[in-house]
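Architecture and fold: a report
One letter stands for each residue in the lines below.
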Amino acid sequence: ELKVEQNPLFLSMQEGKNYTIYCNYSTTSDRLYWYRQDPGKSLESLFVLLSNGAVKQEGRLMASLDTKARLSTLHITAAVHDLSATYFCAVDHGGSQGNLIFGKGTKLSVKP
Amino acid sequence: EPEVTQTPSHQVTQMGQEVILRCVPISNHLYFYWYRQILGQKVEFLVSFYNNEISEKSEIFDDQFSVERPDGSNFTLKIRSTKLEDSAMYFCASSGEGGGEKLFFGSGTQLSVL
């Protein structure tokens, strides 16, 4: 059974600081996704990582994938309040496209 | 920008009643999905749909659940006899073709079973 574990589950940061969210998964997978969710809202796609060593960056967020270690990271650089949200990683289950197993999410709070 | 739309945004029903949740996926996508999220918990896969049939379904998607693409644009999730534990936010998503690997999620339907 594929398991996806994120840590930390809660993260309180000061603006301007850097931090990393970790996503470990238990079996091989071809695709790893990062999503952002604001309270009461839908899931916004941030990154899709498709191969070992993939690195993608968008603004203050950078995601990477190490398929050998079964680890993805989401790095936050110089955090701002607008980044406060819950961040989910999700791993493709390997069956049909789009059967994603989600982590529990990391609730990020960026304080001024 | 194209988006997945869901209706209604909120649905309140009595236990044992049937509900139909509606979704309009992005028009050039090929794969359609339903996920749910119980309050404060993680997002869970229910079912994927491709080429007018179910591709895969989870253990949650039992005989009380069904999906349909009745007219080439709508994608519906029916729960035949709702239970209290079906209360959750239900998200529709679509992907493929123009969208590639990325899943685009709708804004969700909050289902409350009383």
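The coordinates are above.
Throughout what follows, the structure given in this document is the object of discussion. (Residues numbered from 1 in each chain as written. Chains lettered and ligands numbered in written order. Predicted model: local features only at pLDDT ≥ 70, side-chain atom pairs only at ≥ 80, totals over all residues. Heavy atoms only, no water.)

**Here's the deal with the overall build of chain A**
Filter applied, for reference: Numbering of helices and strands runs from the N terminus; a helix is a DSSP stretch of H or I covering at least four residues, while a strand is a stretch of E covering at least two. Two things to know: the radius of gyration comes from C-alpha atoms, and the globule rule equals 2.2 Å times the number of residues to the power 0.38. Relative accessibility thresholds used throughout: buried, under 20% of the residue-type maximum; exposed, over 50%; partly exposed, between the two (1.4 Å probe, protein chains only). Contacts are assigned to residue pairs that have any heavy atoms within 4.5 Å of one another.
Helix and strand counts for chain A stand at 0 helices and 11 strands. Along its sequence from the N terminus, chain A presents helices and strands in the succession β-β-β-β-β-β-β-β-β-β-β. Taken over C-alpha atoms, the radius of gyration comes to 13 Å for chain A, in line with the 13 Å a tight globule of 112 residues would show. If you line up chain A on its principal axes, its C-alpha atoms span 45 × 30 × 20 Å. Considering chain A as a whole, with its 112 residues, one finds that 48% of them fall into the buried category. Residue pairs in contact within chain A that sit at least 24 positions apart in sequence constitute 53% of those at least 6 positions apart.

**A closer look at the pattern of salt bridges**
All names here are of chain A. Applicable threshold: Salt bridges are defined by distance alone: a side-chain nitrogen of Lys or Arg within 4 Å of a carboxyl oxygen of Asp or Glu.
Per the stated rule, a full pass over the model turns up 3 salt bridges over all chains. A salt bridge links D92 to R31; the nearest nitrogen and oxygen atoms lie 2.9 Å apart. With a gap of 61 residues between them, D92 in strand β9 (residues 85-92) and R31 in the loop between β3 (19-25) and β4 (32-37) connect regions that are remote in the sequence. Assessed through its relative accessible area of 2%, D92 is described here as buried. One salt bridge in this structure joins D38 and R36, with 3.0 Å as the shortest N-O distance. Looking at R36, the relative accessible area reads 14%, which means it is buried.

**Remarks on the packing of aromatic side chains**
Describing an aromatic ring pair means giving the distance of the ring centres and the angle of the ring planes. Residue and element names in this part refer to chain B. Worth spelling out the cut-off: Only Phe, Tyr and Trp rings are paired, with Trp represented by its six-membered ring, and only when their centres lie within 6.5 Å; those with planes under 30 degrees apart are stacked, over 60 edge-to-face, the remainder tilted.
This structure, assessed with the given rule, holds 15 aromatic pairs over all chains. A ring pair is formed by F32 and F75, whose centres lie 5.6 Å apart and whose planes are at 45 degrees; its orientation type is tilted. On the criterion of sequence distance, the pair formed by F32 in strand β4 (residues 31-37) and F75 in strand β8 (residues 75-79) is long-range, its members being 43 residues apart. We note that F32, like F75, is buried. Taking 5.9 Å as the distance between ring centres and 25 degrees as the angle between the ring planes, the aromatic pair formed by W34 and F75 counts as stacked. Note that W34 is positioned in strand β4 and F75 in strand β8, a separation of 41 residues in sequence. Residue W34 shares its accessibility class with F75, and that shared class is buried.

**Here's the deal with the interface of chain B and chain A**
The following threshold applies: Buried area counts how much accessible surface, traced with a 1.4 Å probe, disappears from two parts once they are put together, with both parts' losses summed. Pairs of N or O atoms are called polar contacts if they sit within 3.5 Å, as long as, within protein, a hydrogen donor faces a hydrogen acceptor (for residues adjacent in sequence, only side-chain-to-side-chain pairs). The residue classification treats Ala, Val, Leu, Ile, Met, Phe, Trp, Tyr, Cys and Pro as nonpolar and Asp, Glu, Lys and Arg as charged. All others, Gly included, are polar.
On the chain A side, the residues contacting the 20 residues of chain B number 22 residues. Buried surface at the junction of chain B and chain A, summed over both partners, amounts to about 1700 Å²; 52% is from carbon and sulfur atoms. If you look at where chain B meets chain A, you find 0 salt bridges. Across the contact surface, chain B and chain A share 6 residue pairs in polar contact (both at pLDDT 80 or more). Those elements that provide at least two residues to the side of chain B that touches chain A are β4, β5 (43-50), β6 (53-57) and β9 (88-95) of chain B. Ranked by residues supplied to the side of chain B that touches chain A, first place goes to β4(B) with 4 residues. Counted by class, the side of chain B that touches chain A contains 9 nonpolar, 7 polar and 4 charged residues.

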